[in-house]
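# Secondary and tertiary structure notes
Chain residues, written in single-letter form:
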Amino acid sequence: MLEKIIELTNLYIENMPKKERKKYGQFFTSMETARFMASLYKHPAGKSCIKVLDAGAGSGILSCAFIEWIEQFDYIAEIDLVCYESDESVLELLKENLEYCKENSTKRIKYDIKTENYITSQYLDFNSMIGGNTTPPKFDYVIGNPPYMKIPKNAPEATAMPEVCYGAPNMYFIFAAMGLFNLKDNGEMVYIIPRSWTSGAYFKRFRQYFLTHGKLEHIHLFVSRSKVFDKEDVLQETIIIKVRKTNKSPEEVKITSSKSNKDFDEITSLTVPYSLVVSGEDYYVYLVTNNEEVAVLERLHRFNCTLPDIGVKMKTGLTVDFRNRDILRDDEEDGAIPLFYSQHIKRGTVEFPIQKEHEYVVTDLRGLMQDNKNYLFVKRFTAKEEPRRLQCGIYLAKNYPQYEKISTQNKINFIDGLSGEMSECLVYGLYVLFNSTLYDEYYRILNDSTQVNSTEVNSMPVPDIESIQEMGKKLMRTKDLSESNCDLILEEYCG
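In short, a report on the structure. Keep in mind it's a predicted model, so treat the numbers as computed, not measured. (Residues numbered from 1 in each chain as written. Predicted model: local features only at pLDDT ≥ 70, side-chain atom pairs only at ≥ 80, totals over all residues. Heavy atoms only, no water.)

### As for the overall build of the chain
- In terms of helices and strands, the chain carries 16 helices and 22 strands.
- On the principal axes, the C-alpha backbone points of the chain span a range of 80 × 50 × 45 Å.
- Counting the 495 residues in the chain, one finds 55% classified as buried.
- Of the contacts made within the chain by residues no fewer than 6 positions apart, 76% connect residues no fewer than 24 positions apart. (Helix = DSSP H or I, 4+ residues; strand = E, 2+ residues; numbered from the N terminus. Buried < 20%, exposed > 50% of the residue type's maximum accessible area, 1.4 Å probe, protein only. Contact = heavy atoms within 4.5 Å.)

So this is what it looks like as structure tokens:
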């Protein structure tokens with residue numbers, strides 16, 4: 001059945017410009033991916049009729065793959081399928097494909113195509129508001145490839161689900177939250193979605209809802225970003241998740257990976273304790289791919305502190321240079337203060353000046369100035385091919401006694417004391433952490449993007465302040481700022 005549905009879908013894609021499909025965040029699932037997603041469900045023992053939801057159904061690829069999978073269970077007699085799809089251009093194809101499945105399946109198939117907005121049509125139910133259905137329909141299985149599309153923070157879908165939305169959200173995680181709501185207790189949900197929700201403050205509300213009411217049982221990762229959707233030019237870090245609607249955490253999570261959507265018969269597999277994969281009050285999800293990465297998490301999760309716990313915090317640089325061109329200066333002049341860029345971080349220290357343009361600013365705006373005191377500067381952006389994500393440099397105020405104030409460009413981060421200046425040994429100790437292999441590997445597991453996010457860094461586990469200061473003193477004595485020396489010093493404290 002699925003081959004026919006894919007064939008018809010490919011004809012639709014060829015005749016519908018991508019620009020039109022992007023309006024709906026529409027990217028179609030490949031045949032191999034759809035079959036793999038369906039195979040992740042646990043067989044529905046003891047049921048002759050099952051209820052299935054496919055929200056954002058598109059051409060019905062996932063619904064068809066699910067029906068194919070159910071064919072193997074003789075005791076299943078009937079499938080009650082609900083599909084949501086509001087894109088009028090694909091509705092005729094969806095109905096044609098579902099009719100084809102109905103005629104060619106050995107099961108009795110009832111399907112209902114709902115064309116109303118999947119989110120706003122249920123907001124009264126979701127928020128338990130007056131006028132909502134106190135006993136809304138619930139499903140045994142939810143399957144989905146939701147739309148990938150940013151919407152304004154005041155969009156109807158965003159305001160319909162304030163519990164999970166923060167700022168300008170993406171439709172994919174709003175769909176995922178509603179999909180979990182639509183499940184019966186202990187029901188199963190399989191979604192293919194970007195991995196961006198797994199960390200960061202932006203998705204915190206969603207994670208708290210999603211991972212409180214549901215629990216991850218299986219995560220599948222793709223090594224290639226560009227080979228997940230057939231016929232599509234999509235560069236997206238995409239994952240497949242299986243979630244069970246339950247309050248009880250499983251002991252373990254299965255994590256698999258494949259190179260692309262064509263390699264599901266060549267899968268690597270790993271079983272990881274749930275408490276390592278989903279961790280902390282922010283519900284970060286750590287996407288480990290091998291035992292070495294599991295060991296990294298185990299070692300660092302022994303520490304119970306974060307940077308704010310020990311009295312310091314990572315912040316983002318103050319000055320957006322292209323928005324403040326009038327205050328930039330190439331050369332020093334009366335009243336000018338240094339403007340530090342990521343290029344000033346060299347071999348573990350901060351060098352200034354380096355004969356770079358716009359190294360100085362002249363301003364009286366307090367929001368663009370900071371006290372000249374000790375900091376650890378950390379590059380905010382690195383190139384994908386660079387060997388390290390965390391690249392840092394020690395900044396000591398005593399090296400620039402002529403300045404009371406300095407400024408930092410917003411493409412670097414800096415770690416600062418919350419209630420005073422950091423001692424030199426603390427700055428050096430923080431450098432040991434951030435220049436170590438272990439912390440770089442940890443950050444890559446937490447966030448595989450090229451941007452170092454201060455919110456995520458401030459949530460990372462670190463030793464107590466006394467231990468960090470001791471590390472700093474050892475580094476200062478050796479005068480060796482290399483990664484290997486930092487690894488040796490850190491090894492004494494985390495085993």
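### Let's talk about the side chain of S407
- Position of S407 relative to the elements: it lies in strand β21 (residues 405-408).
- Polar contacts involving the side chain of S407 include one to the side chain of T319, which spans 2.6 Å.
- A polar atom in the side chain of S407 sits 2.7 Å from the backbone oxygen of L368.
- In this view, S407 contacts T319, I337, P338, L339, F340, V361, L368 and Q370; residues no more than four positions away in its chain are not counted. (Polar contact = N/O pair within 3.5 Å; in protein donor to acceptor, adjacent residues only side chain to side chain.)

### Observations regarding the sheet that holds strand β1 (residues 49-55)
- Here 9 strands make up an open sheet; going across it, the order is β3-β2-β1-β4-β5-β7-β6-β8-β9 and the pairing mixed. Strand pairing shows two members of the sheet lacking a second neighbour, β3 (108-114) and β9 (268-273), which therefore form its edges. Ignoring which end each strand starts from, the neighbouring axes of this sheet average 15° apart.
- Where strand β6 (residues 214-222) meets strand β7 (residues 238-245), 7 bridges bridge the pair, whose relative direction is antiparallel. Paired with L216 across the bridge in β7 is V243.
- Packing against the sheet, helix α4 (residues 61-70) makes contact with β1, β2 (78-84), β3 and β4 (139-144), and its axis sits at approximately 155° to β1. (Pairing = 2+ DSSP bridges. Axes fitted to C-alpha atoms, helices over the stretch in contact; angles between N-to-C directions.)

### Structural notes on the packing of helix α3 (residues 31-39) against α4
- Where α3 meets α4, the axes come as close as 8 Å, and the angle between the chain directions of the two elements is 50°. Taken as axis vectors, α3 and α4 run oblique relative to one another. When you trace α3 past α4, the crossing you get is right-handed. Along its contact with α3, which presents A34, R35, M37, A38 and S39, the element α4 presents I61, L62, A65, F66, E68 and W69.
- Split into classes, the residues belonging to the contact of α3 with α4 amount to 8 nonpolar, 1 polar and 2 charged. (Parallel < 35°, antiparallel > 145°, perpendicular 65-115°, else oblique. Left-handed = near helix turned anticlockwise from the far one by under 90°. Nonpolar A, V, L, I, M, F, W, Y, C, P; charged D, E, K, R; others polar.)

### Some remarks on the packing of aromatic side chains
- Using the criterion set out here, one finds 35 aromatic pairs in the structure.
- Centroid distance Y172 to F173: 6.0 Å. Interplanar angle 85°. Geometry classified as edge-to-face. The residues Y172 and F173 share a single accessibility class, namely buried.
- Between F173 and F206, the aromatic rings sit 5.2 Å apart at their centres with planes inclined by 45°, giving tilted as the arrangement. (Phe/Tyr/Trp six-rings, centres within 6.5 Å; stacked < 30°, edge-to-face > 60°.)

### Considering the pattern of salt bridges
- Under the criterion given, the structure shown has 23 salt bridges.
- A salt bridge links K184 to D140; its shortest N-O distance comes to 3.2 Å. Here the residue K184 occupies a position in strand β5 (residues 183-194), and D140 occupies one in strand β4, the gap between them amounting to 44 residues.
- We classify K184 as partly exposed; its relative accessible area is 29%.
- The buried category is assigned to D140, whose relative accessible area is 7%.
- One salt bridge connects K373 with D416, and the closest N-O pair in it is separated by 3.2 Å. With K373 in the loop between β18 (370-371) and β19 (375-379) and D416 in strand β22 (residues 412-417), the pair connects residues that are 43 residues apart, well separated along the chain. Just as K373 is buried, D416 falls in that class too. (Salt bridge = Lys/Arg side-chain N within 4 Å of Asp/Glu carboxyl O.)

### Things to note about the pairing of β4
- Most of β4 sits inside the fold, with 6 of its 6 residues counted as buried.
- Strand direction decides the pairing type here: β1 and β4, joined by 3 bridges, are parallel. Paired with D54 across the two strands is I143, which belongs to β4.
- Note: β4 against β5, 5 bridges, orientation parallel. Residue Y141 lies in a different strand from β5, and its bridge partner there is E188.

### Focus: the packing of helix α13 (residues 437-446) against helix α16 (residues 483-494)
- Interhelical geometry of α13 versus α16 gives an angle of 85° and a closest axis separation of 8 Å. By the angle between their directions, the pair α13 and α16 is classed as roughly perpendicular. In this structure, α13 contributes T437, L438 and Y439 to the contact, and α16 contributes E483, D487, L490 and C494.
- Considering only residue class, the contact of α13 with α16 consists of 4 nonpolar, 1 polar and 2 charged.

### Some thoughts on the side chain of Q370
- Assignment of secondary structure puts Q370 in strand β18.
- On the basis of relative accessible area, Q370 is assigned to the buried category, the value being 7%.
- For Q370, the side chain forms a polar contact with the side chain of Y375, separated by 3.5 Å.
- Residues in contact with Q370, not counting those within four places in the same chain, are L318, Y375, E404, K405, I406, S407, T408 and F414.

### A short note on helix α5 (residues 88-104)
- Given a rise of 1.5 Å per residue, 17 residues ought to cover 24 Å, and the 25 Å separating the end C-alpha atoms of α5 matches this to within 8%.
- V90, L91, L93, L94, N97, L98 and C101 are the residues of α5 that are buried. (Expected span 1.5 Å × (residues − 1).)

### Quick word on the environment of Y100
- Mapped onto the fold, Y100 is located in helix α5.
- Given a relative accessible area of 28%, Y100 falls into the partly exposed group.
- Remark: the alpha-carbon pair of Y100 and K4, spanning 96 residues in sequence, is separated by 8.7 Å.
- Contacts of Y100, omitting those with residues within four sequence positions, involve M1, K4 and I5.

### Brief notes about the sheet that holds β18
- Strands sit in the order β13-β17-β14-β21-β18 across an open sheet of 5 strands; the sheet is mixed. The sheet is open, and its two borders are formed by β13 (328-329) and β18, each paired with just one other strand.
- Judged from the 2 bridges that link them, β18 and β21 form a sheet pairing that is antiparallel. Of the residues in β21, the one forming a bridge with D371 is K405.

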